[in-house]
Amino acid sequence: MTSPELTTPGPSTPAPLAGPVGSAGPASCFVTVEGIDGAGKTSHVDAIAERWRARGLEVLRTREPGGTPLAEALRELFLHRRMDALTEALLVFAARRDHLVQVIEPALARGAVVLCDRFTDATFAYQGSGRGFDLGVLAQLEAWVQQGRQPDLTLWFDLDPATAAQRRAAARTADRLEAEPLDFFARVRAGYAGRAAADPARFARLDAGGTLEQVRAQVLAVLEARGW
Ligand SMILES: Nc1ncnc2c1ncn2[C@@H]1O[C@H](COP(=O)(O)OP(=O)(O)O)[C@@H](O)[C@H]1O
Ligand SMILES: [Mg+2]
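Not measured: the values here are computed from a predicted model.

So, how was this worked out
- Residues numbered from 1 in each chain as written.
- Chains lettered and ligands numbered in written order.
- Predicted model: local features only at pLDDT ≥ 70, side-chain atom pairs only at ≥ 80, totals over all residues.
- Helix = DSSP H or I, 4+ residues; strand = E, 2+ residues; numbered from the N terminus.
- Contact = placed C-beta atoms within 7 Å.
- Buried ≥ 20, exposed ≤ 12 C-beta atoms within 10 Å, placed from the backbone.
- pLDDT = per-residue confidence, 0-100.
- Pairing = 2+ DSSP bridges.
- Axes fitted to C-alpha atoms, helices over the stretch in contact; angles between N-to-C directions.
- Near = placed C-beta within 6 Å.
- Nonpolar A, V, L, I, M, F, W, Y, C, P; charged D, E, K, R; others polar.

(A) Representation of the overall build of the protein in the model. Counting its secondary structure elements, the protein contains eight helices and five strands. Starting at the N terminus and ending at the C terminus, the protein contains elements arranged as β-α-β-α-α-β-α-α-β-α-α-β-α. Sequence-distant contacts, at least 24 apart, represent 80% of the contacts inside the protein between residues at least 6 apart.

What follows is the structure in structure tokens.
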């Protein structure tokens, strides 16, 4: 296993990340959960973590934006201050870089399973499709910041925006992004659909409109199909 540290990118060519990309099996894999606010992601993450911990795996449960002291501080700014789309994208990728360098890459290098509540697909869906920010610029930032690192599996909790809004309204006070109107979330959902279509091997779409138990069964089916 090579050093878990990220190398500093050169002026034009990002250096490869340490360690193999897309390692197989439940050990040393990188799993993300995605979907619009209120889709049910957080409701299922702990159960997934417990399933793997019960098998003796080290599970790092983390989230984006966030996951390190610096990235959590950036998250607070991101969620509560007004800013333009480019600032939003730069802030979230800055947080992601710190998270990768400090936490995710070292965890994967020592064989842990990393379970992350949102990652780059959310940036494409929210800042790209939701805000209309340039997807090509996001792809450039993705390449620079991640240097080839992608999740091994992305569980996409797909839910219609109206149902998600009802669930949020019943559960919590909206943050800056959650306060956006339904048509914003419809664009975000379409953004997730585009990312899933572009990388079907990585994405597992879950119909998040069912009961908690029905969604849980779908999550289990996806994991069991991989022997995870
Ligand atoms: N399948 C479901 N049916 C009904 N309510 C749900 C379901 N999944 C989650 N919820 C509820 O909806 C709210 C939002 O769920 P949460 O897991 O926080 O979503 P997210 O993390 O995707 O924003 C919570 O109050 C949760 O209990
Ligand atoms: Mg959540």
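(B) How the structure looks around the environment of Leu-86. Here Leu-86 is to be found in helix H3 (residues 85-109). The partly exposed category is assigned to Leu-86, around which 13 C-beta atoms lie within 10 Å. Here the alpha-carbon distance between Leu-86 and Asp-134, two residues 48 residues apart in the chain, equals 8.9 Å.

(C) Molecular detail of the confidence of the model for the protein. For the protein, per-residue confidence averages 89 on the pLDDT scale, and residues scoring 70 or more make up 89% of the total. Contacts from residues 1-25, a stretch scored under 50 in pLDDT, to residues over four places away or in other chains number 43 contacts.

(D) Main features of the sheet that holds strand S1 (residues 30-34). As summarised here, the arrangement of the five strands in space is S2-S3-S1-S4-S5, forming an open sheet in which the pairing is parallel. What marks the edges here is a single partner per strand, and that holds for strand S2 (59-63) and strand S5 (203-207). Geometrically, the sheet is characterised by an average inter-axis angle of 20° between neighbouring strands, direction not taken into account. Against the sheet, helix H7 (residues 182-198) contacts S1, strand S4 (153-158) and S5, and its axis sits at roughly 145° relative to S4. Contacts from helix H8 (residues 212-225) reach S4 and S5, with the element oriented near 160° to S5.

(E) The pairing of S1, seen in detail. Counting buried residues in S1 gives five out of five residues, a clear majority hidden from the surface. Across the two faces of S1 the burial is the same, with Phe-30, Thr-32 and Glu-34 and Val-31 and Val-33 all buried. The sheet contact formed by S1 and strand S3 (residues 113-117) spans four bridges and is parallel. By the bridge assignment for S3, Phe-30 is matched with Val-114. By the bridge criterion, four bridges tie S1 to S4 in an arrangement that is parallel. Bridging from a neighbouring strand, Glu-34 pairs with Trp-156 of S4.

(F) Seen up close, the site of ligand 1. Residues in close proximity to ligand 1 total 15 residues, the closest being Gly-40, Thr-42, Ser-43, Arg-167 and Ala-171. Mapped onto the shell around ligand 1, the elements with two or more residues apiece are helix H1 (41-53), helix H6 (161-171) and H8. For the shell around ligand 1, the element with the highest residue contribution is H1, accounting for three residues. A class-by-class count of the residues in the shell around ligand 1 yields five nonpolar, seven polar and three charged.

(G) Examining the environment of Asp-175 more closely. Inspection of the secondary structure puts Asp-175 in the loop between H6 and H7. Between the C-alpha atoms of Asp-175 and Phe-78, which are 97 residues apart in sequence, the distance is 10.0 Å. Apart from residues lying up to four places away in sequence, Asp-175 is in contact with Leu-79 and His-80.

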